[in-house]
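One letter stands for each residue in the lines below.
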Amino acid sequence: MPATGGNGSRGSEAAEGFLREAEARLLDLSVESQRAEWVHATYLSLDTADLAARAFARRVRASVEMARNWTRFDSADLPADLRRKGLLLRLSQSLVAPSGPGESEELAHRVAAMEGRYATFRVVLPGRKEPTDLEGLSRILAESDDPALMEAAWNGWHEVGRPMRADFLRYVDLANRGARELGFADTGEMWRSRYDMPPDQLTAEVERLWEQVAPLYRDLHRWVRQRLMERYPELVSDGGPIPAHLLGNMWAQSWESLSTGITPTGISGGPALTDVLRARISDPREMVRYAERFFTSIGFEPLPASFWERSMFSRPKDREVVCHASAWDLDFDQDVRIKMCIETTGEEFQVIHHELGHTYYQLACRRQPFLFRDSAHDGFHEALGDLIGLSVTPAYLARIGLAGADPAPASPVGGLLRIALDKVPFLPFSVAVDRWRWEVFSGRVGPDQLNRRWWELREELQGIAPPSRRDPDTFDAGAKYHIPASVPYLRYFLAYILQFQMHRALARASGWDGALHEFTIYGNREAGARLRTMMEMGQSRPWPEALESVTGERRMDASGLLEYFRPLRDWLNREQRR
Ligand code: X8Z
Ligand code: ZN
């Protein structure tokens, strides 16, 4: 430990002791609440919700109390790592409740009520008897070409939000009062304070990164709108927003499923992965095994046996669960699991890689002290698996026997278009979600403007509109998982920038001089070692150091993303001029 002055040294011994105790207590309470939350999410019931809420309340109360007590070290002269831990102690919970009696339990119950409604909601479509769940409705949006059916699926699902509105408003109030007790202006500011820079600077960074990629999005949006105008002349108009139910995804956050229908013949990217998987895969675990083998090929260990025994890979037939994919760290050691309702599609194959990215991150940083056992910032945790997903190239799939021999298409455009349809529309979507939530938490958007503002932002940023006018009492934000579940969303926007930045850096470091979208790190142990170094750092250092260890750069930068899609952008511009 670095030498400190007389008082400083006594102060730092006390601070060290305080943190040792705080970390042990937090670990213990986190394990308890993770286990309760796991049982709840994989077996929804009144009782499991209550047990999870109590465990949440215990953890949050303890962590707020310790963060408050830490303030006595605020002016002590402390070594950097202790100071950082103190800072992280105050930021360790993404949701905090005020200290009034029963308020933590109430906050947990409100979130559980919203999440439970989201997880169990079904839609009875016109002319059908059986109700359809979110996976079924999503399949309709992705595969149907009947706009009336798509509109029914879209409208039906968006009814999920209506009764959440009151819970949501109460949740905003409780969470804000909790954040204020910790000295933040509101929950949005607390979320924006987790990036090793002042919250306002983070807002400016997001703006800068979005401006960097917005021109690419506008080009893609314009081209897709033209294709949809040809297909649905009465529904899509030139210059206006695109109706949200025509983009192949419930939230219009990925337009990948449009790609088979709108890719011009002659530039097609080869057989769709979904078809290959459906022909080959009989058990969803096999898809997870492929992803695990990718990680072991770059030097990571096979997953522990308990991962295979305890994970949930499919929707159980006998009970309600939270199907939204997630990766869990139950004991902050070896008991890692994922929870997914895997469907046999190429899109889900990517989600599996995404989840294993979390799992390997959790395993890699588990030797750090508890308060550092996380990624550099939350965008890194979200980026890792997607970064591996960028390496799931046609050549790689051919190599592992999930595609014919590398077909080497005459033009790179078809393959790139499919990836762009998946990744690029996500950028404005993810900006819209948390810009909306920040405005709600700050009070800039009042209770009677919730839905109007949601659609204003989605039109302004994504250039989309609901299929028909929305009634002001609906709560359409509630139709997106992360709103009822209270998961911050900016992390995904940052992850989408970072994954391309890191992909380009790994390509350059390997001496790759081909197109970026053809580069794969499969079997590349040097690339794996670089990533592992970053992951093992956890959150012990400010994130620019983690970024630097992989890319040599200390700022987030979207030029990797732009370079990756350059051939497509040139093609889109040529098409536009034709
Ligand atoms: O929620 C997720 C992951 C779990 S962290 C499946 N994602 C976001 C979403 O589905 O909206 C991954 C990308 C964006
Ligand atoms: Zn994730």
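In this text the structure is predicted, and so the values were computed from the model without any measurement.

Student: I tried to follow the site of ligand 1 on my own but got confused; where do I start?
Tutor: Looking at ligand 1, the residues that line it are Gln253, His324, Ala325, His354, Glu355, His358, Glu382, Phe426, Lys480, His482, Tyr489 and Tyr492. In the model, an oxygen atom of ligand 1 is placed 3.3 Å from a nitrogen or oxygen of the Tyr492 side chain. Expressed as a share of its isolated accessible area of 370 Å², the protein-covered part of ligand 1 is 85%. Ranked by residues supplied to the shell around ligand 1, first place goes to helix H14 (residues 346–364) with three residues. Residue classes in the shell around ligand 1 are distributed as four nonpolar, five polar and three charged.

Student: Could you clarify how one ought to interpret the pairing of strand E3 (residues 336–339) in this entry?
Tutor: Two faces belong to every sheet, and in a regular strand the side chains alternate between them. Alternating residues of E3 divide into Val336 and Ile338 and Arg337 and Lys339, and every residue in both groups is buried. Bridge count for strand E2 (residues 326–329) against E3 is four bridges, and the pairing is antiparallel. Residue Trp328 lies in a different strand from E3, and its bridge partner there is Arg337. Connecting E2 to the antiparallel partner E3 that follows it, the hairpin turn spans six residues, and Phe332 within it adopts a positive phi of roughly 55 degrees.

Student: Can you help me understand the layout of surface pockets in this one?
Tutor: A water-sized probe, rolled over the atoms, reveals where empty space remains. As a volume, the second largest pocket reaches approximately 250 Å³. Surrounding the second largest pocket, 14 residues form its lining, Phe300, Glu301, Leu363, Ala364 and Arg366 being those nearest its centre. Of all the elements in the fold, those that place two or more residues in the lining of the second largest pocket are H14 and helix H21 (525–537). The biggest single contributor to the lining of the second largest pocket is H14, with three residues. Split into classes, the residues belonging to the lining of the second largest pocket amount to seven nonpolar, two polar and five charged.

Student: Would you mind going over the pattern of salt bridges with me for this structure?
Tutor: Working definition: two side chains of opposite charge can pair if their charged atoms are close together. A full pass over the atoms with the stated rule returns 49 salt bridges. A salt bridge links Arg208 to Glu205, with the shortest nitrogen-to-oxygen separation between them at 2.7 Å. Placement of the pair is Arg208 and Glu205 together in helix H9 (residues 199–231), with a separation of three residues, close to one helical turn. On the basis of relative accessible area, Arg208 is assigned to the partly exposed category, the value being 23%. A relative accessible area of 11% means that Glu205 is categorised as buried. In this structure, Glu456 engages Arg452 in a salt bridge whose closest nitrogen and oxygen atoms are separated by 2.5 Å. Linking Glu456 with Arg452, this pair stays in helix H19 (residues 450–462), spanning four residues, or about one helical turn. When its relative accessible area of 33% is taken as the criterion, Glu456 is described as partly exposed. Several salt bridges share partner residues, and in doing so they unite Glu103, Glu106, Arg110, Asp167, Arg170, Asp173 and Arg177 into one network.

Student: Hey, could you run me through the coordination of the zinc ion (ligand 2) in this one?
Tutor: Expected angles at a metal are 109.5 degrees for tetrahedral coordination by four donors and either 90 or 180 degrees for octahedral coordination by six donors. At 2.0 Å from the zinc ion (ligand 2) lie its protein donor atoms, namely His354 (NE2), His358 (NE2) and Glu382 (OE). Geometry at the zinc ion (ligand 2) is tetrahedral, judged from the four donor atoms that bind it and their angles of 90 to 128 degrees at the metal. Taken in chain order, the donor set of the zinc ion (ligand 2) reads H-x3-H-x23-E. Taken together, the positions of His354 in helix H14 and Glu382 in helix H15 (residues 378–390) put the pair 28 residues apart, joining distant regions of the chain. An identical accessibility class is assigned to His354 and Glu382; each is buried.

Student: When you look at the side chain of Gln368 in this model, what are you seeing that I'm missing?
Tutor: Within the element layout of this structure, Gln368 appears in the loop between H14 and H15. Of note is the side chain of Gln368, whose polar atom sits 2.9 Å from the backbone oxygen of Glu536. In this view, Gln368 contacts Arg373, Glu536, Met537, Gly538 and Ser540; residues no more than four positions away in its chain are not counted.

Student: Which parts of the structure should I look at to understand helix H11 (residues 273–280)?
Tutor: One turn of the α-helix equals 3.6 residues, which is why residues spaced by three or four share an orientation. For H11, the full list of buried residues reads Leu273, Val276 and Leu277. Each buried residue of H11 lies within a common arc of 95 degrees when the element is viewed along its axis, so the set occupies one face. Within H11, the exposed residues directed more than 90 degrees away from the buried face are Asp275 and Ala279. Residues of H11 that are buried make contact with helix H12 (284–297), H14 and helix H16 (394–399).

Student: Could you clarify how one ought to interpret the packing of H14 against H21 in this entry?
Tutor: When two helices pack together, their arrangement is given by the angle between their axes and by how far apart the axes lie. It is the contact of H14 with H21, at a shortest axis distance of 8 Å, that shows an interaxial angle of 65 degrees. Along this stretch, H14 crosses H21, giving a crossing that reads as right-handed. Where H14 approaches H21, its residues Tyr360, Tyr361 and Ala364 are matched on the opposing element by Met534, Met535 and Glu536. Taken together, the residues of the contact of H14 with H21 sort by class into five nonpolar, no polar and one charged.

Here is what the cut-offs are and how they apply
- Residues numbered from 1 in each chain as written.
- Chains lettered and ligands numbered in written order.
- Predicted model: local features only at pLDDT ≥ 70, side-chain atom pairs only at ≥ 80, totals over all residues.
- Heavy atoms only, no water.
- Near = heavy atom within 4 Å.
- Polar contact = N/O pair within 3.5 Å; in protein donor to acceptor, adjacent residues only side chain to side chain.
- Areas by Shrake-Rupley, 256 points an atom, 1.4 Å probe, with all protein chains shown as cover.
- Helix = DSSP H or I, 4+ residues; strand = E, 2+ residues; numbered from the N terminus.
- Nonpolar A, V, L, I, M, F, W, Y, C, P; charged D, E, K, R; others polar.
- Buried < 20%, exposed > 50% of the residue type's maximum accessible area, 1.4 Å probe, protein only.
- Pairing = 2+ DSSP bridges.
- 1 Å grid on protein atoms, 1.4 Å probe; cavity = no way out; pocket = protein on both sides within 12 Å on 5 of 7 lines; lining within 4 Å.
- Points joined across faces, edges and corners; volume = space filled by probe spheres on them.
- Salt bridge = Lys/Arg side-chain N within 4 Å of Asp/Glu carboxyl O.
- Donors = N, O, S within 2.8 Å, 3.2 Å for Na, K, Ca; no water.
- Tetrahedral: all angles 85-135°; square planar, octahedral: opposite > 155°, others 65-115°.
- Contact = heavy atoms within 4.5 Å.
- Arc of directions from axis to C-beta.
- Axes fitted to C-alpha atoms, helices over the stretch in contact; angles between N-to-C directions.
- Left-handed = near helix turned anticlockwise from the far one by under 90°.

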